[in-house]
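What the coordinates show
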Amino acid sequence: MESLLRKLRYQATAARRERTLEHIFNAMDESQEHAPATGRVQIGRMTMSTRTVRFALAAAVILVVLGGISFWPCGRSGKSQWWLAPSAAWGQEILAALDTDRAVTCREQTVFVGPDGSQHTSSTWDTFYVSKDSYRRDIYDGQVLREIQWYVPDGDGMIQHYVRYDLRCYGATRHQGRFAVNDPVAWMRVLAGQLDKADRLLGEAAIEGHDCVGFEIHANQYGSYPDTWIDHIWFDVQTKLPVRIEQMGRPVTGDATRTFTIVMDQFVYDAQLPADTFLPQPPPAGFINAHPDDLPRR
Amino acid sequence: MVERHAGGFAMLEDRRLLWRLRHGDKDALRLIYERYEGDLLTLAANLLHDPAAAEDVVQDVFISLVRTVPVLHLRRTLRAYLATAVANRAKDHFRKRSRERLAPMEDADQVAADGDGPVQIVGDVELMNKLRAAVAELPYEQREVVILRVHAGLKFREIAAHQNISIKTALSRYQYGLDKLRSRLNGEVPK
């Protein structure tokens, strides 16, 4: 039966293949037009979340749910609502704005969602510093700095230097490829580039004191992901820059009943950072050169 | 062992092509397209039974690839990644469709597998049409397991992860699917 099934094959005509290739090449050209400019520094910093902001966000959600929001194409009249225009124009404007901004600050944390919708925010959160080719990630557990990682270019890969303050060890590991998968600015670009495929306009809400407009995009618009993975991206209606990104519905390993949401928010652009931000710092005295997995169990 | 080496080489070659693609190399994109387009179209068309929609799905998957390649973190073969991407989009398309329909082929031509002579093709057409109709009648989840296994070569572990089910359930769906196909073809296919 399997061999017979394998004979159920389809083949496009040469003309159709060429047309498809042409469309794909056009998409590639459009993507490259909005790639980051070389030599331009983009710096991202993720800062810690606060209870106040969480309350503000909860209030925003309540307002959206109870007060109703204006969905595409019926927005409130009387002020400029650029997001109601076709996204082809302003989506590129957002990408261009990301090109010109030299620095970004934001925060990232993980929220676990139970089967009943209950949410639990992880005590671990990150601070990211992102430049054109170097990255730094500070990992906190509550108020305590647990680890700093520096990612430094090395040929076609990167060397990750780390200091584990909780385990009193340090070391370095080489990685293939770039850091881009964890780069919040890269994520902004991906999502901003997919706005023409946004599944839903979330409407307007006040986030962190900014008037924002949000969009919902299913992750399968930009990759091979389940359709339960959903992203929300909120833009400041004045600056058109991202204010909050939520990656929802991600599975928790070993626990099919829960999912988690990665939240990036509190973005501040044009942050000024010390020049040595991306230089690996020597570990404190007494730290040993070892991978955490190789340390003797306590 | 030979297969493992071949798979490893293919993965290295894919990663090299993706690296070139990240750097704007259109030849690399063309190579990736030419390498996988046929299999992906077959996969999508067998899932959807709508060749025109299948071509759109494949095109969308490649456009998504070029847009996301800067942040793409490939954890498996590019073939498996693309096949899963096609399966995800096909499933979305299937859900959006109010009901299944067999669409006439426009630009796409169904072809017999290589090695069949003209007489055999004529002799096989009726059987293949029956088979195609039988596949279309399978419940989508069963059909997806069968097609992903046969045409994408995915492991049951990968199919189970894709459908968010256990490996045992994936195996059951595969066996049930094949049994139904044999039943529909009324013994014209040997076990």
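Just so it is clear, the structure is predicted and the values come from calculations on it, not from any experiment. (Residues numbered from 1 in each chain as written. Chains lettered and ligands numbered in written order. Predicted model: local features only at pLDDT ≥ 70, side-chain atom pairs only at ≥ 80, totals over all residues.)

Within chain B, the secondary structure is distributed over 8 helices and 1 strand. In chain B, the succession of α and β elements from N to C terminus is α-α-α-α-β-α-α-α-α. The proportion of buried residues among the 191 residues of chain B is 38%. Considering only contacts within chain B whose residues lie at least 6 apart along the sequence, 69% involve residues at least 24 apart. (Helix = DSSP H or I, 4+ residues; strand = E, 2+ residues; numbered from the N terminus. Buried ≥ 20, exposed ≤ 12 C-beta atoms within 10 Å, placed from the backbone. Contact = placed C-beta atoms within 7 Å.)

Each helix and strand counted, chain A has 5 helices and 14 strands in total. Out of the 298 residues belonging to chain A, those deemed buried represent 32%. A sequence separation of at least 24 residues applies to 56% of the contacts in chain A between residues at least 6 apart.

Residues and elements named next belong to chain A. Summary statistics for chain A give a mean pLDDT of 75 and a share of 76% for residues scoring 70 or more. Per-element averaging of pLDDT across chain A places strand β2 (residues 43–45) at the bottom with 34 and strand β14 (residues 288–289) at the top with 92. Low pLDDT (under 50) marks residues 36–53, which in the prediction has 58 contacts with non-local residues, meaning those over four places away or in another chain. Every residue in residues 60–79 scores below 50 in pLDDT, and together they form 19 contacts with partners more than four places removed in sequence or on other chains. (pLDDT = per-residue confidence, 0-100.)

Each side of the interface is counted separately: chain B has 46 residues, and chain A has 37 residues. Contributing elements (two or more residues each) for the side of chain B that touches chain A: α2 (26–48), α3 (51–68), α4 (78–96), β1 (108–111), α5 (118–137) and α8 (167–184) of chain B. Taken together, the residues that form the side of chain B that touches chain A break down as 24 nonpolar, 11 polar and 11 charged. (Nonpolar A, V, L, I, M, F, W, Y, C, P; charged D, E, K, R; others polar.)

All right, on to the environment of Gly286 of chain A then. The residue Gly286 of chain A is located in the loop between β13 (255–269) and β14 in this model. You can call Gly286 of chain A exposed: it has 6 C-beta atoms within 10 Å.

All names here are of chain A. Looking at chain direction, strand β11 (residues 230–236) and strand β12 (residues 242–252) are connected through 6 bridges and run antiparallel. Each bridged residue has a counterpart across the sheet, and for Ile233 the counterpart in β12 is Ile245. The hairpin turn running from β11 into β12, its antiparallel successor, is 5 residues long, and Lys240 in that turn takes a positive phi close to 65 degrees. (Pairing = 2+ DSSP bridges.)

This next bit is on the confidence of the model for chain B. All names here are of chain B. For chain B, per-residue confidence averages 75 on the pLDDT scale, and residues scoring 70 or more make up 74% of the total. Counted against residues more than four places away or in other chains, residues 98–123, with its pLDDT under 50, gives 33 contacts. Across the assembled chains, the prediction reports ipTM 0.73 with pTM 0.47.

So, on to the environment of Tyr222 of chain A. If you trace the backbone, Tyr222 of chain A turns up in the loop between β10 (210–218) and β11. Given 21 C-beta atoms within a 10 Å radius, Tyr222 of chain A is considered buried. Between the alpha carbons of Tyr222 of chain A and Leu191 of chain A there is a distance of 8.2 Å; along the sequence they are 31 residues apart. Apart from the residues within four sequence positions on either side, Tyr222 of chain A is in contact with Val190 and Gln194 of chain A together with Ser64, Arg67 and Thr68 of chain B.

Here we come to the nonpolar core. Leu40, Ala44, Ala83 and Val86 of chain B are the most contacted members of the largest nonpolar core, which has 53 residues in total. For this core, the leading source of residues is α2 of chain B, giving 11 residues. Setting aside chain neighbours within four positions, we find Leu40 of chain B in contact with Val58, Val61, Leu82, Ala83 and Val86 of chain B. Core analysis: the second largest hydrophobic core is formed by 43 residues, Tyr129, Ile230, Val263 and Phe267 of chain A among them. (Core = buried A, V, L, I, M, F, W, Y, C linked by C-beta atoms within 7 Å.)

Turning our eyes to something else, we now look at the packing of α2 of chain B against helix α6 (residues 140–150) of chain B. Residue and element names in this part refer to chain B. Their axes nearest at 10 Å, the elements α2 and α6 cross at an angle of 160 degrees. When the axes of α2 and α6 are compared, the pair comes out roughly antiparallel. Two packed elements cross with a definite hand, and for α2 against α6 that hand is right-handed. Two secondary-structure elements touch here, α2 through Leu43, Asn46 and Leu47 and α6 through Arg143, Glu144 and Ile147. (Axes fitted to C-alpha atoms, helices over the stretch in contact; angles between N-to-C directions. Parallel < 35°, antiparallel > 145°, perpendicular 65-115°, else oblique. Left-handed = near helix turned anticlockwise from the far one by under 90°.)

Our next topic: α8 of chain B. Residues and elements named next belong to chain B. Under the 1.5 Å per step criterion, the end-to-end length of α8 is 26 Å for 18 residues, consistent within 8% with the ideal 26 Å. All buried positions along α8 are accounted for by Ala170, Arg173, Gly177, Leu178 and Leu181. Looking straight down α8, one finds its buried side chains confined to an arc of 130 degrees; they lie on one side. Every exposed residue of α8 that faces more than 90 degrees away from the buried side is listed here: Lys168 and Ser183. Looking one or two residues past α8, Asn186 carries a phi angle of roughly 55 degrees, positive in sign. (Expected span 1.5 Å × (residues − 1). Arc of directions from axis to C-beta.)

This paragraph deals with the environment of Val130 of chain A. Structurally, Val130 of chain A can be placed in strand β4 (residues 119–130). C-alpha of Val130 of chain A to C-alpha of Tyr151 of chain A: the two residues are 21 residues apart in sequence and 9.6 Å apart in space.

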